[in-house]
Amino acid sequence: MSRRGRSTSGRLPLVLLLPALLGLAFLLVPLVGLLIKAPWSTLPDRLFSADVWQALRLSLVCATLATALCLLLGVPLAWLLARGGLPGRSLIRAFVTVPLVLPPVVGGVALLLVLGRRGLVGQHLDTWFGVSLPFTTAGVVVAEAFVAMPFLVISVEGALRAADPRYEEAAATLGAGRWLTFRRVTLPSIAPGVVAGTVLCWARALGEFGATITFAGNFPGRTTTMPLAVYLALETDPEVAVVLSLVLLLVSVVVLAALRERWIGGLR
Amino acid sequence: MFRRTAFAALATVAALAVAGCGGDTPAASSPSTSSSALSGTVNVFAAASLTGTFTQLGKDFEAVHPGVKVTFNFGGSSALAQQINSGAPADVFASAAPKNMDDVKDKGTPTNFVKNTLEIAVPKGNPGKITGIKDFADKNKKLAICAAQVPCGAAAAKVFAAVGITAQPDSLEQDVKAALTKVSLGEVDAALVYKTDVLSAKDKVEGIEFPESSKAVNEYPIATLTKAPNPDGAQAFVDYVLSDKGKMVLTAAGFDAP
């Protein structure tokens, strides 16, 4: 299958090739613009300022924690959607994808209304446990997880639906329980989908801006992630914003490429 | 109705795109026609603290000049100045501080049209028991102020210096309305915003005045922009803001005369 695909690639129809190249250019040219406009001469000085590293570290930590949270909740949710046989499943699926279409700022407001100090749930968190999520690093993680989780759920659910359920049935006839089947049969068979979803989810969390600044506010070292730092730097010193953007770009490309190589490439 | 709105939006976007590409090319304006026959769209970039009053003024202006549409871009003055310098097709800029107006390169002579004073905004009932500006040094209170880039943040810094305290904010908001939202949702015990913001949200927040606010009074300048796509409309809108009717709307909202 894959061999045949490769042999035909030499004569790709022009109808596809042209828009494909246009699409590639459309995605790449803005990044080239960043590179051209970067203040290369002063780059090292700007790069090694404490603020940059503080924001970058916070971004990486929060995106990773948010992804872990998404994995913990999202994979079971995807399983429920694909295998649970729930009534009104398409409606539930629509709700799962709501954060994808919701403007992130609105997502942030919604989170405030529920998890804020006066929120439906948040007020109890505050009075019973003294926990208040807004303006904390935990709040950043929650905001990023809210926005990024649909990417994971959709990927994993797609993989689950494409996976052959007969293996699970075979495992069941051999006496495996549902949890054992899930762990030893289902999960390995959908691993590429889970990894792809995880990568997407992490990338989305890393770039999250709107929900974060609305729900978690902006304070250096606590909630100022790279996208927030870029936004605020843009208002006073656009060159700093470009430098910050380059750092974020470089880190994400390196991480994404490494993950692809290690996981998705290896599994193909 | 929806279709018309959508079409108008599309037309605006197209106009913006064309104006953006055009760069220095002046938009087609025919000076021969009488000045009373204004047309087209006036793009007004205004400080977030002007959201309520300018929206009102825009509607009034449209009523006086049928055929003219006023569109607004409200935001932190620093962000707006940045957008204008990057070529955003603005006709008028109203900043919450002279500094951000100075940052804009190609503009007419700015006129100060109002003054605004800082005030402490607390949620209804003052749950955080805020008594005055000194509470902003209290680590145990949830506090929001504007980021130093935006005028309200710069004014806040002046106030803190005048009082002699080190502020302990939990969040540095990107514009004054974002700070106000945090108060009206009850997420912070207090935020330092403008007097006019407290007034605009008076069913949700309470204001606490403090004497040191006189140390950081913000003057609001307004100016037409040299590269305005609609120079006649721009001048007319500025004149309208400076007129007695304009002043009435602004002072009713709590702004002081310059």
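Since the model is a prediction, treat every value here as computed from it, not as a measurement.

**Some words on the state of the cysteines**
Turning to step 1, where the next piece is worked out: Evaluation of the coordinates by the stated rule reveals one disulfide over all chains.
Turning to step 2, where the next piece is worked out: In this model, Cys-146 of chain B is linked to Cys-152 of chain B through a disulfide, with the two sulfur atoms separated by 1.9 Å. Taking the sign of the S-S torsion, -100° for the link of Cys-146 of chain B and Cys-152 of chain B, the bridge is left-handed. Exposure class is identical for Cys-146 of chain B and Cys-152 of chain B. Each is buried.
Turning to step 3, where the next piece is worked out: Between Cys-70 of chain A, a free cysteine, and Cys-201 of chain A, which holds the nearest cysteine sulfur, the sulfur-to-sulfur gap is 3.6 Å.
Turning to step 4, where the next piece is worked out: Judged by relative accessible area, which is 0%, Cys-70 of chain A ranks as buried.
Turning to step 5, where the next piece is worked out: For Cys-201 of chain A, a relative accessible area of 0% translates into the label buried.

**Describing the sheet that holds strand β9 (residues 205-208) of chain B**
Residues and elements named next belong to chain B.
Turning to step 1, where the next piece is worked out: On the basis of which strands lie adjacent, the open sheet formed by five strands has the order β7-β6-β8-β5-β9 and mixed pairing. Because the sheet does not close on itself, it has two edges, and the strands there are β7 (171-173) and β9. Looking at each pair of strands side by side, their axes are set apart by 35° on average, direction ignored.
Turning to step 2, where the next piece is worked out: By the bridge criterion, three bridges tie strand β6 (residues 143-146) to β7 in an arrangement that is parallel. Along β7, the bridge assignment pairs Ala-144 with Ser-171.
Turning to step 3, where the next piece is worked out: In the packing of helix α6 (residues 176-184) onto the sheet, contacts are made with β5 (118-123), β6, β7, β8 (190-194) and β9, and the angle to β8 comes to roughly 140°.

**A look at the nonpolar core**
All names here are of chain B.
Turning to step 1, where the next piece is worked out: Within the largest apolar cluster, 69 residues are counted, with the highest numbers of intra-cluster contacts made by Leu-50, Phe-54, Phe-113, Ile-120, Phe-136 and Leu-192.
Turning to step 2, where the next piece is worked out: Both domain 1 (42-116 + 219-258) and domain 2 (118-216) contribute no fewer than three residues apiece to this core.
Turning to step 3, where the next piece is worked out: The residues contacting Phe-136, other than those within four sequence positions of it, are Ile-120, Leu-143, Ala-144, Ile-145, Phe-160, Ile-165, Thr-166, Ala-167, Gln-168, Ala-190, Ala-191 and Leu-192.

**Quick notes on the UniProt feature "transmembrane region" (unreviewed entry) in chain A**
Residue and element names in this part refer to chain A.
Turning to step 1, where the next piece is worked out: When the UniProt feature table is mapped onto this chain numbering, "transmembrane region" (unreviewed entry) sits at residues 12-36, 56-82, 94-115, 135-156, 185-205 and 240-259.
Turning to step 2, where the next piece is worked out: Between the end C-alpha atoms of residues 185-205 the distance is 29 Å, and the span holds 95% helix and 0% strand.
Turning to step 3, where the next piece is worked out: Split by type, residues 240-259 is 100% helix and 0% strand. Its first and last C-alpha atoms lie 29 Å apart.

**Observations regarding the packing of helix α2 (residues 51-64) of chain B against helix α9 (residues 244-252) of chain B**
Residue and element names in this part refer to chain B.
Turning to step 1, where the next piece is worked out: Relative orientation of the contacting elements α2 and α9 amounts to 150°, with a least axis distance of 10 Å. Considering the angle they form, α2 stands roughly antiparallel to α9. When the axes of α2 and α9 are compared, the crossing they make is right-handed. Contacts from Thr-53, Phe-54, Gln-56, Leu-57 and Asp-60 of α2 reach α9 at Gly-246, Val-249 and Leu-250.

**Things to note about the pairing of β5 of chain B**
All names here are of chain B.
Turning to step 1, where the next piece is worked out: Among the six residues in β5, six count as buried, and that is most of the element.
Turning to step 2, where the next piece is worked out: Of the two faces of β5, the one lined by Leu-118, Ile-120 and Val-122 and the one lined by Glu-119, Ala-121 and Pro-123 are each fully buried.
Turning to step 3, where the next piece is worked out: When β5 meets β8, the two strands line up antiparallel, connected through four bridges. Residue pairing for β8: Ala-121 is matched across the bridge by Ala-191.
Turning to step 4, where the next piece is worked out: For β5 and β9, the ladder comprises four bridges, and the chain directions are antiparallel. If you follow Val-122 over to β9, its bridge partner there is Glu-206.

**Considerations on empty space enclosed by the protein**
All names here are of chain B.
Turning to step 1, where the next piece is worked out: Following the criterion strictly, the structure yields one cavity of 30 Å³ or more and no others.
Turning to step 2, where the next piece is worked out: Of the volumes computed, that of the largest cavity is approximately 60 Å³.
Turning to step 3, where the next piece is worked out: What lines the largest cavity is a set of 13 residues, and nearest its centre among them are Ala-48, Gly-76, Ser-77, Pro-151 and Val-176.
Turning to step 4, where the next piece is worked out: When grouped by side-chain class, the residues that make up the lining of the largest cavity number eight nonpolar, four polar and one charged.

**Focus on the sheet that holds strand β2 (residues 68-75) of chain B**
Residues and elements named next belong to chain B.
Turning to step 1, where the next piece is worked out: Ordered in space as β2-β1-β3-β10-β4, the five strands form an open sheet in which the pairing is mixed. Sheet topology places β2 and β4 (111-116) at the edges, where each strand pairs with a single neighbour. In this sheet, neighbouring strand axes are inclined to one another by 20° on average, regardless of whether the strands run parallel or antiparallel.
Turning to step 2, where the next piece is worked out: With three bridges joining them, strand β1 (residues 40-47) and strand β3 (residues 92-94) adopt parallel strand pairing. Residue Ala-46 lies in a different strand from β3, and its bridge partner there is Ala-94.
Turning to step 3, where the next piece is worked out: Seen against the sheet, helix α3 (residues 77-85) touches β1, β2 and β3 and runs at an angle of roughly 135° to β1.
Turning to step 4, where the next piece is worked out: Across the sheet, helix α8 (residues 231-242) lies against β1, β2, β3, β4 and β10 (218-224), angled at about 150° from β10, the strand it touches most.

What counts, and where the lines are drawn
Residues numbered from 1 in each chain as written. Chains lettered and ligands numbered in written order. Predicted model: local features only at pLDDT ≥ 70, side-chain atom pairs only at ≥ 80, totals over all residues. Heavy atoms only, no water. Disulfide = S-S within 2.5 Å. Buried < 20%, exposed > 50% of the residue type's maximum accessible area, 1.4 Å probe, protein only. Pairing = 2+ DSSP bridges. Helix = DSSP H or I, 4+ residues; strand = E, 2+ residues; numbered from the N terminus. Axes fitted to C-alpha atoms, helices over the stretch in contact; angles between N-to-C directions. Contact = heavy atoms within 4.5 Å. Core = buried A, V, L, I, M, F, W, Y, C linked by side-chain atoms within 4.5 Å. Domains from an automatic or database assignment. UniProt positions renumbered as here; feature names shortened; annotations may be inferred. Parallel < 35°, antiparallel > 145°, perpendicular 65-115°, else oblique. Left-handed = near helix turned anticlockwise from the far one by under 90°. 1 Å grid on protein atoms, 1.4 Å probe; cavity = no way out; pocket = protein on both sides within 12 Å on 5 of 7 lines; lining within 4 Å. Points joined across faces, edges and corners; volume = space filled by probe spheres on them. Nonpolar A, V, L, I, M, F, W, Y, C, P; charged D, E, K, R; others polar.

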